[in-house]
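# Examination of the molecular architecture
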Amino acid sequence: MEKKQFQAESKRLLEMMINSIYTKREVFLRELISNASDAIDKIYYKALTDDSLVFDKDNYYIKIVPDKESRTLKIIDTGIGMTKEELETNLGTIAKSGSLAFKKETDLKDGYDIIGQFGVGFYAAFMVADVVTVISKALGSDEAYKWESTGADGYTIEPTEKDGVGTEIILKIKENTEDENYDEFLEEYSLKSIVKKYSDFIRYPIKMDISTSRKKEGSDQEWETVNEEQTVNSMVPIWRKNKNELTDEDYTNFYNEKHYGFDKPLKHIHISVDGAVRYNAILFIPENIPFDYYSKEFEKGLELYSNGVLIMNKCADLLPDHFSFVKGMVDSEDLSLNISREMLQHDRQLKLIAKNISKKIKSELLALLKDDREKYETFYQSFGRQLKYGVYSDFGTHKETLQDLLMFYSSKEKKLVTLDEYVSRMPEEQKYIYYAAGESVERLEKLPQAELVSEKGYEILYFTEDIDEFAIRMLMNYKEKEFKSIASGDLGIESEAEKKEAEAEAQENKELFDAMKGVLSGKVKDVRISKRLKSHPVCLASDGDLTIEMEKILRQMPNSQDVKAEKILEINPNHEVFQSLKGALEKDKEKLALYTNLLYNQALLIEGLPLQDPVEFTNDICKIMV
């Protein structure tokens, strides 16, 4: 029997095929099962044009048979089989795809499609096998042939016996090494898991003899282990079923089966698109945040299938970062895959699918916000922070997409409200969207700076997360209304008459404020009269782009370089303390310095800022008491 050489490829090429193209050895089974499915599909297409052929789907299957004793693994199919010439053409030439040639010659329809394109999947078998044997009998032929190879040194073809039409691939599994455990490819559980992972939705039954326990006949206590032939794949994927036939329970079961999370999904999104690019998708909005969501270990992405065969566990390109919490899968026939079918080539189809998915997620979240506020708020408590990061990141590129999904606690409503709801309630004369930033709602409700805004009847949004103010600065405005902190230097509330009155009062007390500014030199930019304070004696305001709350957050970060907001100490002229300050200016400059430092430190404490010298502060209090 003559050993033939591979026609056009060198030993180096085959070694590359075996060791470089695939990242996981287990995918050999995916490739061989996909080839077997193609072989059955080819009979189906023959039957469409050949009246002598009747295609009964129940007669076609794929079977996996491991044998530990002989260290062999068989993959058997009842497909179209191969003639001697086809064995030599398809298996004797690396990267010669019989499926691709068949696909080009045949008018595919009825929703069936051939999986194979590259003709390299078969050679993945050499990743786990020392010897690969193929026994095949072609449809319409009385003869069967055996193809056998140990790798790059060539192959043999000889006549053999085979009862029915189809192909049987026999792999002589390699012995274990220090680095690789090849025994797993002979284990029933491992093989079943690989089938479920990659080939669960192949349209034909994949059968295995599964060990099960049952009670011995005639006994209530004794058990016996028997082998039963079982179908280990689901065959019909849920995303190809009619939506009207599916229940919420069906989607929840799929969520649990795929281990997308340990919670129950808040919402599912079922997408079927048959346009410029064809794809099906099932997406889930989880209820709870994954434990590792804000860690480096978290990987975003959707499962990606091509014709029901798993290509990628997590395709990150299908989801923008701001929707990285979404779980689910996409299946498409139109993707451009690389030669190993493990990675995508970045093409127009992929970008189009990702764009459509992003739009759909947004529209479904808006619908949830409108139709089921309680559920949306549950979602927002878990993932609102990520939406805000999305507004802030990439220089605000996605702010138009995300702004209507944002919610903040309202001083008036005492609950979360959207920006649209806030703006719709604004009085006609109100120029800005007012907000207060701090650690908690409880602290923000007591802020002295809020007095004037509240007195005017204006609503205040409370920002309690560190990302809030940064995101809003990137957003800049909403429906042509700018955002303004209640601690900003100019609130935009005072009338011209009130401004003139404040200027006159400031001029009248210029000596006092200059003296206080001198005491606080290097600590504040200015000291001035406050129009925002009503009952409190003092507060800090900020001037410039960096607010006091932003300073606090930035100073907690490494390499913060001691960033500081430009602080203004505001004094309430209608408070008794102001008269004490004026009296100290006239009679006791030392006491004025004492009062000034006390008020400044009080203002720091109100803002939640650290005191520069706590001991000096306590000593100053004691001086007042004595």
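Residues numbered from 1 in each chain as written. Predicted model: local features only at pLDDT ≥ 70, side-chain atom pairs only at ≥ 80, totals over all residues. Heavy atoms only, no water.

## Here we look at the pattern of salt bridges
We count it as follows: Salt bridge, as applied in this entry: a Lys or Arg side-chain nitrogen positioned within 4 Å of an Asp or Glu carboxyl oxygen. Here a strand is any run of E in DSSP of at least two residues, a helix any run of H or I of at least four, and the numbering for each starts at the N terminus. Remark: exposure states derive from per-residue accessible area (1.4 Å probe, protein chains only) relative to the maximum for the residue type, with buried under 20%, exposed over 50%, and partly exposed in between.
A full pass over the atoms with the stated rule returns 44 salt bridges. The residue Lys 534 makes a salt bridge to Glu 455 at a minimum N-O spacing of 3.6 Å. Of this pair, Lys 534 sits in the loop between β20 (526–529) and β21 (538–543) while Glu 455 sits in helix α12 (residues 451–455), and the two are 79 residues apart along the sequence. Here Glu 455 falls in the exposed class, since its relative accessible area comes to 55%. One connected set of salt bridges, linked through shared partners, spans Arg 385, Lys 388, Glu 465, Asp 466 and Asp 468.

## Topic: the pairing of strand β13 (residues 327–332)
Counted only if it meets this: If DSSP finds at least two bridges between two strands, the strands pair.
Buried residues dominate β13, accounting for six of its six residues. Covered by surrounding structure in β13 are Lys 327, Met 329 and Asp 331 together with Gly 328, Val 330 and Ser 332, the residues of both alternating faces. As judged from the six bridges shared by strand β10 (residues 278–285) and β13, these two strands associate in the antiparallel manner. Residue pairing across strands places Ile 282 opposite Met 329, the latter belonging to β13. Pairing between strand β11 (residues 302–306) and β13: three bridges, direction parallel. Residue Leu 304 lies in a different strand from β13, and its bridge partner there is Val 330.

## Let's talk about helix α16 (residues 548–555)
Quick reminder of the rule: When checking whether two residues touch, look at their non-hydrogen atoms; a contact exists if any pair is within 4.5 Å.
Burial within α16 is extensive, with six of its eight residues counted as buried. What α16 keeps buried is the set Ile 548, Glu 549, Met 550, Glu 551, Lys 552 and Ile 553. Check the buried side of α16 and you find it contacts β16 (433–437), α13 (468–475), β21, β22 (566–571) and α18 (589–607).

## What to know about the packing of α18 against helix α19 (residues 614–625)
Rules: All axes here are fitted lines through C-alpha atoms, helices being fitted over the stretch that makes contact, and every angle between N-to-C directions spans 0 to 180 degrees. Roughly parallel covers angles under 35 degrees, roughly antiparallel covers those over 145, roughly perpendicular covers 65 to 115, and oblique covers all other angles. By convention the crossing between two helices is left-handed if the near helix lies anticlockwise of the far one by an angle smaller than a right angle, and right-handed if it lies clockwise.
Running from amino to carboxyl end, α18 crosses α19 at an angle of 125 degrees, the nearest separation of the two axes being 10 Å. What the angle tells us is that α18 and α19 run oblique. Crossing of α18 against α19: the hand is left-handed. Facing Leu 594, Tyr 595, Asn 597, Leu 598, Asn 601 and Leu 605 of α18, the residues of α19 in contact are Glu 616, Phe 617, Asp 620, Ile 621, Lys 623 and Ile 624.

## Looking at the sheet that holds β21
Here we have three strands laid out as an open sheet, ordered β20-β22-β21, and mixed in their pairing. Since the sheet does not close on itself, it has two edges, and those belong to β20 and β21, each with one partner. Looking at each pair of strands side by side, their axes are set apart by 35 degrees on average, direction ignored. The pairing of β21 with β22 spans six bridges and is classified as antiparallel. Note on β22: the bridge partner recorded for Leu 540 is Leu 569. Here helix α15 (residues 510–519) sits on the sheet in contact with β20 and β22, set at roughly 145 degrees to β20.

## Regarding the packing of aromatic side chains
Test applied: Classification of ring pairs rests on two measures: the distance between centres of Phe, Tyr or Trp rings, Trp counted by its six-membered ring, which must be within 6.5 Å, and the angle between planes, read as stacked under 30 degrees, edge-to-face over 60 and tilted in between.
Summed over all chains, the structure comprises 33 aromatic pairs. Each ring, one from Trp 239 and one from Phe 254, has its centre 6.3 Å from the other, and the planes form 70 degrees; the classification is edge-to-face. Of the two residues, Trp 239 sits in the loop between β8 (223–231) and α6 (248–257) while Phe 254 sits in helix α6, which places them 15 residues apart along the sequence. Of the two residues examined, Trp 239 and Phe 254, each falls in the buried class.

## Re the nonpolar core
Generally speaking, soluble globular proteins have nonpolar side chains that are buried together. Cut-off, in case you're wondering: The definition of a nonpolar core used throughout is a set of buried Ala, Val, Leu, Ile, Met, Phe, Trp, Tyr and Cys residues joined through side-chain atoms within 4.5 Å.
Membership of the largest hydrophobic core comes to 70 residues, with the highest contact counts inside it found for Phe 325, Tyr 376, Phe 379 and Leu 387. A per-element tally of this core places helix α7 (residues 348–371) first, with eight residues. Other than its neighbours up to four places away in sequence, Tyr 376 contacts Leu 365, Leu 368, Leu 369, Leu 387, Leu 405 and Met 407. Ranked by size, the runner-up nonpolar core spans 67 residues in total, among them Ile 75, Met 127, Tyr 155 and Leu 191.

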